[in-house]
Amino acid sequence: GPALLFVKTSQGKEEGRRFYACSACRDRKDCNFFQWEDEKVSETRLAAREEYNRNHQPSFTHRQNVDRYKNFVLLPLSKRRFCQECQQLLLPAEWEKHSDHQFLCDISTAQLKSPSQLLYPLENKKTNAQYLFADRSCQFLLNLLIDLGFRRVLSVGTPRLHEMIQSKASQEEDLSVRSLLLDIDFRYSQFYTEDEFCHYNMFNHHFFGGEAARETCRKFLHEENDERVIMVTDPPFGGLVEALASSFKKLMAMWKETEKEGHVNKEMPMFWIFPYFFESRILDFFPSFSMMDYQVDYDNHALYKHGKTGRRQSPVRIFTNLAPSMIVLPEEEGYRFCSVCQRYVSSGNQHCEICNSCTSKDGRRWKHCVLCKKCVKPSWFHCNNCNCCTLQKHSCEKTDVGCFVCGKAGHKRSACPCLSRT
Ligand code: SAH
Ligand code: ZN
Ligand code: ZN
Ligand code: ZN
Ligand code: ZN
């Protein structure tokens, strides 16, 4: 889909040179598309690009994959193979071609219903950054959604949540929760129909399936028979918040358009799962959101999963536009309700009488600094040189190096107000 327009700046200069680069890959090694905004592109280069794109299409279309799946499930267990190298379900006629590849045999229906276990996670941090929810966190999310009364979930980059909903729906007929998965990982098209999965880029709101896929999404967002919709997303943490926010606003607009009268002053309910240190960035774009204390755990993330000995702190949180008081966090995991703040907080999060709120962001107990007039991390102390709280080990006044975009002190490039304007 479309590239994003970036700006290259040198320190202190207001104006930078603008260029287009790939929206999805944050590493030039993964996609080297680069074009100055004002650059003239020759016919030959255009043709070469088109040629390149043609040669880099997936080997099957989504439709073909759906047909293949239908044939695959008709096979007896002994003929159901999955090529691990090509990450593809194989039909017997194709075995030959993959004969020197590693493959799995006897693919069961249960395995087909949990593709996130069958496929290996694409962990490349700069592109897919596929970190799968630990079962406990996924269960928690799903139960929470159901308790809140939602019956339809737009799963944006949450394949494991999607598959948990799908299997729940097939087990319990009376409790019909439905999910539509939007994800850039096309491997999932082997397991889901066009009504269950859309190949989608959340950095530029691009539906690879064109108008038909867009329409699928629109239809899904249209609430009928009181089936309320919520969007849940867990984007790669290295992703640009402004690009994500812009796409999510478009999905919200899609929801709003589906029902002209009912939704006038409402926003599509949303859970945006992201690390707590992005709180101010997210609130810049979605002032109606607040951050929940719940720590989201992952299976394949070395840092964010809870270890064998007790629980490691995960920095990943839920941001939502629902009333915080409605988000009930599990008491058996130590969360408690603060009646002053009217929300559930983590066990270590103490209510500060001076700030009049539960101020901890990372789950540890924070301490109030009278000079800074706010609560700070337990490991910080007040430095009289810098006139603020910071780590014990720091070089004083280093912070005024200034932002790379506007040159002003007090914020980094990523938080530059000039940038969000362009
Ligand atoms: N915790 C989630 C997975 C989150 S990992 C779960 O267990 O369900 C991030 C997800 O976003 C991956 O599924 C990845 O394929 C998807 N993704 C990465 N870049 C994307 C993009 N540009 N557009 C859409 N989805 C993307
Ligand atoms: Zn193969
Ligand atoms: Zn409180
Ligand atoms: Zn305080
Ligand atoms: Zn201080």
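Here the structure is a predicted model, which means the values were calculated and not measured.

**Q** I'd like a description of empty space enclosed by the protein, backed by residues and values.
**A** Counting across every chain of the model gives two cavities of 30 Å³ or more. N128, G157, M202, D234 and P236 are the residues nearest the centre of the largest cavity, which is lined by 25 residues in total. Of all the elements in the fold, those that place two or more residues in the lining of the largest cavity are α6 (159-171), β8 (178-183) and β9 (197-201). Taken together, the residues that form the lining of the largest cavity break down as 16 nonpolar, six polar and three charged. As for the second largest cavity, its lining consists of N65, R68, Y69, L89 and Q190. With three residues, helix α2 (residues 62-74) is the single largest residue contributor to the lining of the second largest cavity. Looking at side-chain class alone, the lining of the second largest cavity contains two nonpolar, two polar and one charged residues.

**Q** Go over the coordination of the zinc ion (ligand 2), please, and point to the residues and values.
**A** Protein coordination at the zinc ion (ligand 2) comes from C83 (SG), C86 (SG), H98 (ND1) and H101 (ND1), with a distance range of 2.0 to 2.4 Å. In this structure, the zinc ion (ligand 2) is surrounded by four donor atoms whose angles at the metal cover 101 to 119°, and the resulting shape is tetrahedral. All donor residues of the zinc ion (ligand 2) come from one chain, and their arrangement in sequence is C-x2-C-x11-H-x2-H. Of this pair, C86 sits in the loop between β4 (81-83) and β5 (88-90) while H98 sits in the loop between β5 and β6 (103-104), placing them twelve residues apart in sequence. For H98, a relative accessible area of 8% corresponds to the buried category.

**Q** I'd love a proper account of the packing of aromatic side chains, names of residues and values included.
**A** Here the distance between the centres and the angle between the planes together describe a pair of aromatic rings. The tally for this structure, following the rule as stated, stands at 19 aromatic pairs. Measuring from centroid to centroid gives 4.8 Å for F274 and F278, while their planes differ by 45°, and the two rings are tilted. Assigned by exposure class, F274 and F278 land together as buried. With a centroid separation of 5.1 Å and 65° between ring planes, the pair formed by F337 and Y344 is classed as edge-to-face. Since its relative accessible area comes to 33%, F337 is described here as partly exposed. Judged by its relative accessible area of 12%, Y344 falls in the buried class.

The rules we used
- Residues numbered from 1 in each chain as written.
- Chains lettered and ligands numbered in written order.
- Predicted model: local features only at pLDDT ≥ 70, side-chain atom pairs only at ≥ 80, totals over all residues.
- Heavy atoms only, no water.
- 1 Å grid on protein atoms, 1.4 Å probe; cavity = no way out; pocket = protein on both sides within 12 Å on 5 of 7 lines; lining within 4 Å.
- Points joined across faces, edges and corners; volume = space filled by probe spheres on them.
- Helix = DSSP H or I, 4+ residues; strand = E, 2+ residues; numbered from the N terminus.
- Nonpolar A, V, L, I, M, F, W, Y, C, P; charged D, E, K, R; others polar.
- Donors = N, O, S within 2.8 Å, 3.2 Å for Na, K, Ca; no water.
- Tetrahedral: all angles 85-135°; square planar, octahedral: opposite > 155°, others 65-115°.
- Buried < 20%, exposed > 50% of the residue type's maximum accessible area, 1.4 Å probe, protein only.
- Phe/Tyr/Trp six-rings, centres within 6.5 Å; stacked < 30°, edge-to-face > 60°.

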